[in-house]
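Spelled out, the chains give:
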Amino acid sequence: MTETSFIHRFEPATSAGSPPLLLLHGTGGDEDDLLGLGKMISPGSALLSPRGRVLEHGMPRFFRRLAEGVFDEDDVRRRALELGDFVADARQRYGIAAPVAVGFSNGANIAAALLLLKPDVLAGAILLRAMVPLSDPQKAELGGKPVLLLSGQADPIVPASNSARLATLLSQAGARVTHKVLPAGHQLSQADVALARDWIGSVTAKAA
Ligand code: MLT
């Protein structure tokens, strides 16, 4: 049996028609970190926000890494499936539709892995400072799922070639990818919030 329980926060929707968000924090964050961001980019959405179950020197993450930017890929696979099971259980428990992931850094990387390994779990994704999570992923069928990838031009953790490769990988799997490179580093900027808000508005309008 897969252990699917994550410490998490759930905030119910306050307006119908806004997609539920799956909020995935960065290294050292927790389930409270992205609640404010979620409310800014999609006011009224239900928010499901788990805490990563891997600890690196006490800092929560969503999967193990061997060094910065070097991932334990067996663990990436296992943890992505665990997270997928958690989302399935949470959807039943809280009565929500498939969520749009909003992931930052390590959270964006597990969201990208989830898209590649279990595409049905997510309705789409906003990947903030994401990297390629798996060197040789299976062929995924993303069937037009919308993905917004926001990278930082001066990101010391994510090389430009890596985020470009992720955009290509997701597009080749059939996702509708919007990739923008912002004048920023690894940290988020106001431009991230504005672009994410506009993007989710346009995706929701199309789905309605
Ligand atoms: C990762 O480990 O997922 C990336 O290096 C980003 C981060 O520092 O969390």
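Heads up: the structure comes first, above all this text.
None of the values given here were measured: they were computed from a predicted structure.

Trainee: Just checking my understanding: could you explain the site of the ligand for this structure?
Mentor: The ligand sits among T27, R61, F63, R65, G69, F71, S105, N106, N109 and I157. S105 is positioned with one of its side-chain polar atoms (N or O) 3.3 Å from an oxygen atom of the ligand. Here an oxygen atom of the ligand sits 2.9 Å away from a polar atom, N or O, in the side chain of N106. Each residue belonging to the shell around the ligand can be placed in one class, and the counts come to three nonpolar, five polar and two charged.

Trainee: Looking at this structure, how should I read the environment of Y94?
Mentor: Tracing the chain through its elements places Y94 in helix α2 (residues 73–94). Residue Y94 is classed as partly exposed on the basis of its relative accessible area of 25%. Along the backbone, Y94 and A46 are 48 residues apart, and their C-alpha atoms lie at a distance of 9.5 Å. When neighbours within four sequence positions are excluded, Y94 is seen to be in contact with H8, F10 and L48. A polar contact of 2.8 Å, which involves the side chain of Y94, links it to the side chain of H8.

Trainee: I tried to follow the layout of surface pockets on my own but got confused; where do I start?
Mentor: Empty space among the atoms can be located by rolling a probe the size of a water molecule over them. Size it by volume and the largest pocket reaches roughly 260 Å³. Lining the largest pocket are 22 residues, with T27, S105, N106, I157 and H186 sitting closest to its centre. Across the lining of the largest pocket, the residue classes tally to six nonpolar, 11 polar and five charged.

Trainee: Where do I start with the nonpolar core in this structure?
Mentor: With 43 residues, the main nonpolar core has L24, L115, L127, L166 and L170 as its most contacted residues. No other element matches the nine residues that helix α3 (residues 106–117) contributes to this core. If sequence neighbours within four positions are ignored, L127 has contacts with G103, A108, A111, A112, L115, V147, L148, L149, L150, L166 and L170. Grouped together as the second largest cluster of nonpolar side chains are 21 residues, V100, L128, L182 and A196 included.

Trainee: For this particular structure, what's the right way to read empty space enclosed by the protein?
Mentor: A complete count under the given rule lists one cavity of 30 Å³ or more for this structure. Approximately 30 Å³ is the volume attributed to the largest cavity. Along the walls of the largest cavity sit L37, I41, L128, L188, D192, V193 and A196, which together make up its complete lining. For the lining of the largest cavity, the elements supplying multiple residues, two or more each, are α1 (35–41) and α5 (190–207). Take the lining of the largest cavity: its biggest share by element is three residues, from α5. Of the residues assigned to the lining of the largest cavity, the class counts are six nonpolar, no polar and one charged.

Reading the values: rules and limits
Residues numbered from 1 in each chain as written. Predicted model: local features only at pLDDT ≥ 70, side-chain atom pairs only at ≥ 80, totals over all residues. Heavy atoms only, no water. Near = heavy atom within 4 Å. Polar contact = N/O pair within 3.5 Å; in protein donor to acceptor, adjacent residues only side chain to side chain. Nonpolar A, V, L, I, M, F, W, Y, C, P; charged D, E, K, R; others polar. Helix = DSSP H or I, 4+ residues; strand = E, 2+ residues; numbered from the N terminus. Buried < 20%, exposed > 50% of the residue type's maximum accessible area, 1.4 Å probe, protein only. Contact = heavy atoms within 4.5 Å. 1 Å grid on protein atoms, 1.4 Å probe; cavity = no way out; pocket = protein on both sides within 12 Å on 5 of 7 lines; lining within 4 Å. Points joined across faces, edges and corners; volume = space filled by probe spheres on them. Core = buried A, V, L, I, M, F, W, Y, C linked by side-chain atoms within 4.5 Å.

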